[in-house]
Structures are given as structure tokens and as C-alpha cells.
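Structure assessment
Letter by letter, the chains look like this.
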Amino acid sequence: MQRRLGFWLAAGWAAVLLLPWHIAEGWPTPWLTGSNDAGGGSALLQGLLLGRWWLLPLALPLLAGLVGALGRDPQGRPRAAWLIGAGLGGLGWLALESLTVAQPGLGLGAALYAVTALVLCAHGLALRGWCKGDVFIVSSIGLVLGSILVFVGYPVIRILLSAVQGNDGHLTLVGLFDKLTDGGIWGLGCVTGAGSVCGVAWNTLALATVVGLMTTVSGLAFALIAVRTGFRFKAALRLVSILPVITPPFVIGLAIILLFGRAGVVTDLMSSLFDIPRSRWIYGMPGVAMAQVLAFTPISFLVLVGVLQGVSPTLEEASQTLRATPWVTFRTVTLPLIRPGLANAFLISFIESLADFGNPLVLGGNFDVLSTKIFFAVVGAAQDQGRAAVLAIILLSFTLSAFVAQRLWLGRRSYTTVSGKGDAGLASPLPTGVRWAATSIAALWTALTLLVYGTILVGGFLKSLGRDNTPTLIHYQTAFGIERGPNGWWFSGSAWDSLFTTLGVSLVAMPLTAALGLLTAYLLVRQNFIGRGAFEFITMLSFAIPGTVIGVSYILAFNTPPIELTGTGLILIIAFVFRNMPVGIRAGIATLSQIDKSLDEASVTLGARSFTTLRRVILPLLRPAIVTAMVYSFVRAITSVSAVIFLVTAKYNLATAYIVGRAEVGEYGLAIAYSSVLIAIMVLALLMIQLLVGERRLGRRASALSVRSSASKVNA
């Protein structure tokens, strides 16, 4: 602890004495000169040379921390009270001076100072016995909670305050009740047309429930085939199953229209062969549900495949020993043990459906949902920010209800299946009916997916799919052309800049998202602390609110000091990290629920600290969750549009913004061509992620099907 305290105190003094305290446009020059123009000098330089006296007291908490580190109590430990006071004092003064004094936005020095103060406070609390005196656990809880409060809670509060603000900007409750009980939101009278239209809240809830159930069942079907059958082409199956995850926005909806619209390819074929009249059935809930099931099933698969791999075959063998049939074993043993995976898969798909606005925007017709209403309230002619906030509150209430229902369904049962004991059992064969049902669902889903992606792949090589089917490479040349000029080769295509920016942002956000998500899951499952349930719900906030609302909330929160980030690449990374982190959390919780806590206890008994236990014992068993978190964060950083559509700039433009811009002006061929390139890049990236992370090894024998296959080869 003495060495750790010395390190963090050195970091705190460096933050005050050396690093730029405010955002520095010309860094490192303002850092060295203390220029007032950019405010890039250190806190000490600005306090002494620029008259910013309010920065000088920042040194006092560090002095208190030094006293606490050097002082000793009767047991010879550092003095906890001094460390706690130093941490709270530093954080308190930093918040007070940055919120009350007009000054530039906080910079690198202020960020490092805040982290140092938080860690000093964590050391003091650990000395007081918090979390059994484990500094790593207390520090992790503080850092995770602090970052979520700053980058999720604060922006959400800013946007939700708009619901009780009048046109003059002052807080008022007048009209809030009328907005919440509006008949257009909760009305039950349905109107026929291009899809049934009820109150927008009921439409949203019905769609999310249907999509959540269908994606969970479909994801389970793929997981059963991948884990419990002798299917030879599992690698190809995994590749096909994750294709929709790596699809840029609007592309699935556009492909469905080109296939099943009034003038679609399938519609033309069915009309000519079977004389089926053309209709607009695809516009409304059927089309939106189809697109969302295609898009979100891979997420359920990624969550469930790791959970299914963790089910102990010994328990299934015990059931068979008691003469249970395969169906009884599957129903009474296997399904109850994967209940955490089923619950988390449904919750993720349910929330994804609530927050999705791209597919309803393209295929909704008269079928309105909350996300599209919020989008038009923000960017429409009315620009009713208060109405958007009210609709966001209703979305949050749906998310909270689903979250509570999931907790009640899981209850306090134990789902531990991975322990330190030997486990050489063989997984029970799937019941015939379950195997055929899973195969049928996977086959139907795969056929529809290949049809959709065949359309996407072909569309990039045609002048105008459905209108002018002349083969051409003009779309790829326009987007990704490379020419030779007087100074050598250069990237002449219009899409190169956005592609390089997107890949850079995604590669930075991917490990941060996975690390933060899995660390949060570890804290939620393995640690007991006050407010853990509320903490878990807060982590889902950014995932539950539509991306357009998140984008607007980030502008409101981070467009002015003390935290001024808009127009930078950093705000894009932060938006991606905290928007996509909940999937890593849910995957980590589902996997950790199966790992026996005795493994942690055995490591601690052997003298390992919690960080060592996490690194050497838990992380190798979390490989399926690591893959899920990294894959999802990477592809969502590339394919997300709603959360960052308001945050991109000319300097930091993203691929999705480019694609949406081309689609808005009718250049569908160029949009599809760019999407095809992104899909190819993401497939290669996913293969590399799987190769680097590897498979989890549980020391179990191969499945019964594999054993039989090997035996038949030997006999042959």
C-alpha cells in the first residue's frame, strides 16, 4: 500500500504542477509558457502567474494525503482519516471551483487529479474495512461509479430536466402531467392502414416484447446447434449468425424493401408465379419486427453460446442415471441452468428494440414507436425538446420494468456450474424435437439472412438496384478510389477520411468498453456493497435511451465548461464506450453466474490479491463474455449512427454519417457499396478477435456426438 500511495501522490502532484489544467488548443506550448489564450498552463502556473487563485488550494488535499501516507496508526497502517479527507476534499474543491468560476473546460491535469483524489479516498475506506479492506475493489467501484455518473447520469439528467422546463428555460411542472398522459401515447383505439396503429407506447411495448421473445428463441437455436450438435460447418454458422450485427444502419431495412416491397424481387416473383396481389404488408409492425429480429438475434446468440458451454455435463448425466428422458433432462436441468443467459438475452433484445429508430424509420409506415417520435421531436420542424424528454422518461420506465421483471424471474437461485472440481461428464444429446426445432429456426433465419445480404452484396455492383441493373464499379471508385498524382499515390475516394476516423475511434473504444463492462459485471456479481441494485440499473441507462437522445444530452452536458468535449474525437470514444458497455456487463453477469465463488476463495486463501485473482482465475473463464463484449463494442462503434449523428464534425466524420448522407440524397448504390466494405472489414476483425482471445478451456471431454464421430472413424 505504501508504494501504491506513493505512486498516486506523485501522479496528483504531476497533475497540479506539470500537466495542463484546462483544455489546451496549442499543447504543449501553452503548458510550457502558461499562455492565457488557451488556458493550457498547469494549475500552479495559472494560480501564480495568471491570478487564478482558486486553483492554488488544490495542493492542500495532496498535502493531507501525504500526511496520511507517512503517518501511522497504532497498528502501523497509514492514517485512514487523512486519506479519506484528502480524497473527498480534492473532489469537493474541484467540483466547487469548476462549477462556480468562469474558466475554460477541464483538461488532462484536472482529470488525473480527480482520479488521484478518488483513489486516495478508496485507500482510506479500505483501511476502514470497506470491502474487506481490498483497495482494488473499493477503487474499482469508485472509478466505475464515478465515470458512469459523469458520462451517463449527468447527461441523462440534463436531457430529462427538459421535460419540466418551460419555453423560458425555468423549471415548471405545469403541463408535464398532460404530456405524460397524452392520448397519442397511451390511446387504445387502433386504426387500420399500413399496419395497425395504437398509442405509440403500446406499439413500442408490443414490438419490443415480440422481438425480445423471437430473438431469444432464435439465439438459443443457434447456440444449441453450435454447442450441442455435431454440425460440421459451425464456423460458417457462426459467421452467418453475426452478419446482421456488422451491418451499417438502414441497410437491412433497405434490403427488405427491395425484396418484399410492392416492387420487390420476391414480390414480383410471387405475383408472376402464384398470382399473389402486391401489397404493402412489409410497412408496419411485420416489417420492423422482421428487421429487428434479423439484427438482434446475433446478440442473443453471443450471450447464450457462452452460457450453454458452461453447463456442467455431470448434472445432465446424473439426470440420465435417474432414467430421465432427453426431453426431461433438457427441460428440468439444462434450461433452468441457462436461465441467466435467457434472461439477459431477452433484456438486451428488448432494450435494443425500444431504442432502435433506424428500422422503424425505414419500415414503420403508420406504425409509430417512441424512438421515432423522439427523433422527430428533436430534429423535426417543431424541435420540441421537452416532448422528447417526456417520451424518453416513458422509455426508461419500460426499461426499469423489464429490469425488475428479470430480477424477479431469476430470483435468488444458484446457477453455478463451473467449479474447481473435476468434470469429465458428457453433455446430454438434444431431444429429437428440440434438435429439429432448432435446425428449422436456424435454417429459416439463415435463408432470410443470406437473401438479404445477397441483395446488399449485389446492389453495390449495379447502377441502381431494381431500376437500372447495369453492372458497374462506379460506386466503389467514387468511395474508395486511389489515384496517382505528381507526388505519388493518394486516396482520392470520398469515403477514405471517414473510414480511417471510424476505424481509429473503434479500435480505441473496443478494449475500453470490454474492460469497463466486464469489470462492472465482476463487481456486481462478486461483491456486496450498498446500492448495488441501483448501481446495476444506472449502468443500463445509456443503453435504454435512444441514441438520438444520448447525442442531444451529450451536447447539452459537454458543450460548455467545466467538461467541454464537443467537436473532439474524445467525445465520440466516450459515447461509444458508455453506450455499448451494458452488453459486456450483461454477458459478463450471465457467465459469472455460472462460475463457483470457491475458485475466488481458493485463490485468496493461497495469498493472491483480488486483482491477481481476477487476472489469473476469472478472466480465462470469461473468454466467451470477452469475445461478446469486444465484438459488440467494435461493430457497434462502426455501425452506430443515432448516438453520434449530432456529435460528428467535418474533422471527425464517421462512416455511418457518410452512409446516411448518401442515402438521404438517393445515392443508394454508393451507400450499399460502402456498407459492403465495412462488412468485409468487420468480418476480418471479428476473426482476429476470436483468434486473439481464444476459447475457454474447462477441462471437459468432447461432446457425445464428437466422441461417437471419432469412434466411427477409428472403426472405419
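Every value quoted in this text rests on a predicted model; they were computed, and no experiment measured them.

A few words now on the overall build of the chain. Check the secondary structure of the chain and you find 33 helices and four strands. Residues counted as buried form 52% of the 716 residues belonging to the chain. A separation threshold of at least 6 residues defines the contact pool for the chain, and within that pool the share at least 24 residues apart is 74%. Roughly 31900 Å² of accessible area belongs to the chain as shown, and the carbon and sulfur atoms make up 66% of that amount.

The full count for this structure, using the stated rule, is three cavities of 30 Å³ or more. The space that makes up the largest cavity amounts to roughly 480 Å³. Taken together, 26 residues form the lining of the largest cavity, with Phe296, Glu352, Asp356, Arg636 and Thr639 sitting closest to its centre. Of all the secondary structure elements, the ones that give two or more residues to the lining of the largest cavity are helix 12 (251-260), helix 14 (285-309), helix 17 (339-355), helix 18 (358-363), helix 27 (569-592) and helix 30 (623-639). Each residue belonging to the lining of the largest cavity can be placed in one class, and the counts come to 14 nonpolar, eight polar and four charged.

Taken together, the side chains of Leu17, Leu18, Leu44, Leu48, Leu49, Trp53 and Leu56 present a nonpolar region at the surface, about 700 Å² in accessible area. Counting residues per element, the nonpolar patch draws most heavily on helix 3 (residues 43-49), which supplies three residues. Judged by relative accessible area, leucine 18 falls into the partly exposed class, the value being 47%.

Turning to unusual backbone geometry, a few remarks are in order. Proline 562 follows proline 561 through a cis peptide bond whose omega is 15 degrees. Relative to the helices and strands, proline 562 resides in the loop between helix 26 (547-558) and helix 27. Positive phi, close to 50 degrees, is recorded for cysteine 131, a residue that is not glycine. Although it is not a glycine, arginine 323 sits at a positive phi angle of roughly 70 degrees.

So, about the packing of aromatic side chains. What the rule picks out here adds up to 22 aromatic pairs. With a centroid separation of 5.0 Å and an interplanar angle of 80 degrees, the aromatic rings of phenylalanine 222 and tryptophan 445 are classed as edge-to-face. Linking phenylalanine 222 in helix 10 (residues 200-228) with tryptophan 445 in helix 21 (residues 432-459), this pair joins segments that are 223 residues apart in sequence. Just as phenylalanine 222 is buried, tryptophan 445 falls in that class too. Put simply, the rings of Phe480, Phe491, Trp496, Phe500, Tyr658 and Tyr674 touch in pairs and so form one group of aromatic residues. Over the face of the ring belonging to tryptophan 409 we find arginine 339, whose NZ or CZ atom lies 4.5 Å from the ring centre. Above the plane of the ring of tyrosine 658 lies arginine 662, whose end atom (NZ or CZ) is 5.1 Å from the centre.

Once that is clear, we can look at the environment of glycine 306. Residue placement: glycine 306 occurs in helix 14. On a C-alpha basis, the gap between glycine 306 and glycine 588 in space is 9.8 Å, while along the polypeptide they are 282 residues apart.

Turning our eyes to something else, we now look at the pairing of strand 3 (residues 482-485). For strand 3 and strand 4 (residues 488-491), the ladder comprises four bridges, and the chain directions are antiparallel. Residue pairing for strand 4: arginine 484 is matched across the bridge by tryptophan 489. Between strand 3 and strand 4, which pair antiparallel in sequence order, lie two residues.

Moving on to the confidence of the model for the chain. When pLDDT is averaged across the chain, the result is 81; 87% of the residues are at 70 or more. When mean pLDDT is taken per element in the chain, helix 6 (residues 108-127) scores highest with 94 and helix 2 (residues 29-33) scores lowest with 39. Confidence drops under a pLDDT of 50 for residues 191-196, and excluding neighbours within four residues, the segment shows 11 contacts in the predicted structure. Every residue in residues 704-716 is under pLDDT 50, and counting partners more than four places away or in other chains gives seven contacts.

Once that is clear, we can look at the side chain of serine 633. Within the element layout of this structure, serine 633 appears in helix 30. Owing to a relative accessible area of 1%, serine 633 belongs among the buried residues under this scheme. Among the polar contacts made by the side chain of serine 633, one reaches the main-chain carbonyl oxygen of methionine 630 at a distance of 3.0 Å. Residues contacting serine 633, with those up to four places away along its chain left out, are Met510, Thr513 and Asn580.

Bringing the nonpolar core into the picture now. Core analysis: the largest hydrophobic core is formed by 174 residues, its most contacted members being Ile256, Tyr554, Phe578 and Tyr674. Of all the elements, helix 14 adds the most residues to this core, at 16 residues. Leaving out residues up to four positions away in the same chain, tyrosine 674 has contacts with Phe480, Ala495, Ser498, Leu499, Ala655, Tyr658 and Ile659. If you look at the next biggest cluster of nonpolar residues, it comprises 11 residues, including Ala15, Ala43, Leu55 and Leu58.

Between its first and last C-alpha, helix 7 (residues 135-160) extends 35 Å over 26 residues, near the 38 Å set by a 1.5 Å rise per residue. A maximum bend of about 40 degrees is found in helix 7 at leucine 149. Two or three places before phenylalanine 136, at the opening of helix 7, aspartate 134 has a side-chain oxygen 3.0 Å from that residue's backbone nitrogen.

Relative to each other, helix 21 and helix 32 (residues 668-693) sit at 115 degrees, their axes nearing to 8 Å. By the angle between their axes, helix 21 is roughly perpendicular relative to helix 32. Between helix 21 and helix 32 lies a crossing whose hand is left-handed. Listed contacts from helix 32 to Tyr453, Ile456, Leu457 and Gly459 of helix 21 are Gly669, Ile672, Ser676 and Ile679.

The subject of this paragraph is the side chain of threonine 267. Within the secondary structure, threonine 267 sits in helix 13 (residues 265-274). Threonine 267 sits in the buried class, given a relative accessible area of 12%. Among the polar contacts made by the side chain of threonine 267, one reaches the main-chain carbonyl oxygen of glycine 261 at a distance of 2.6 Å. Those residues in contact with threonine 267, other than ones at most four positions away along the chain, are Leu259, Phe260, Gly261, Arg262 and Arg278.

The rules behind the values
Residues numbered from 1 in each chain as written. Predicted model: local features only at pLDDT ≥ 70, side-chain atom pairs only at ≥ 80, totals over all residues. Heavy atoms only, no water. Helix = DSSP H or I, 4+ residues; strand = E, 2+ residues; numbered from the N terminus. Buried < 20%, exposed > 50% of the residue type's maximum accessible area, 1.4 Å probe, protein only. Contact = heavy atoms within 4.5 Å. Areas by Shrake-Rupley, 256 points an atom, 1.4 Å probe, with all protein chains shown as cover. 1 Å grid on protein atoms, 1.4 Å probe; cavity = no way out; pocket = protein on both sides within 12 Å on 5 of 7 lines; lining within 4 Å. Points joined across faces, edges and corners; volume = space filled by probe spheres on them. Nonpolar A, V, L, I, M, F, W, Y, C, P; charged D, E, K, R; others polar. Patch = residues over 30% accessible without salt bridge, like charges linked within 9 Å, V, L, I, M, F, W, Y side chains within 5 Å. Salt bridge = Lys/Arg side-chain N within 4 Å of Asp/Glu carboxyl O. Phe/Tyr/Trp six-rings, centres within 6.5 Å; stacked < 30°, edge-to-face > 60°. Lys NZ or Arg CZ within 6 Å of the ring centre and 35° of its normal. Pairing = 2+ DSSP bridges. pLDDT = per-residue confidence, 0-100. Polar contact = N/O pair within 3.5 Å; in protein donor to acceptor, adjacent residues only side chain to side chain. Core = buried A, V, L, I, M, F, W, Y, C linked by side-chain atoms within 4.5 Å. Expected span 1.5 Å × (residues − 1). Bend = angle between axes of the 7 residues up to and from the residue. Axes fitted to C-alpha atoms, helices over the stretch in contact; angles between N-to-C directions. Parallel < 35°, antiparallel > 145°, perpendicular 65-115°, else oblique. Left-handed = near helix turned anticlockwise from the far one by under 90°.

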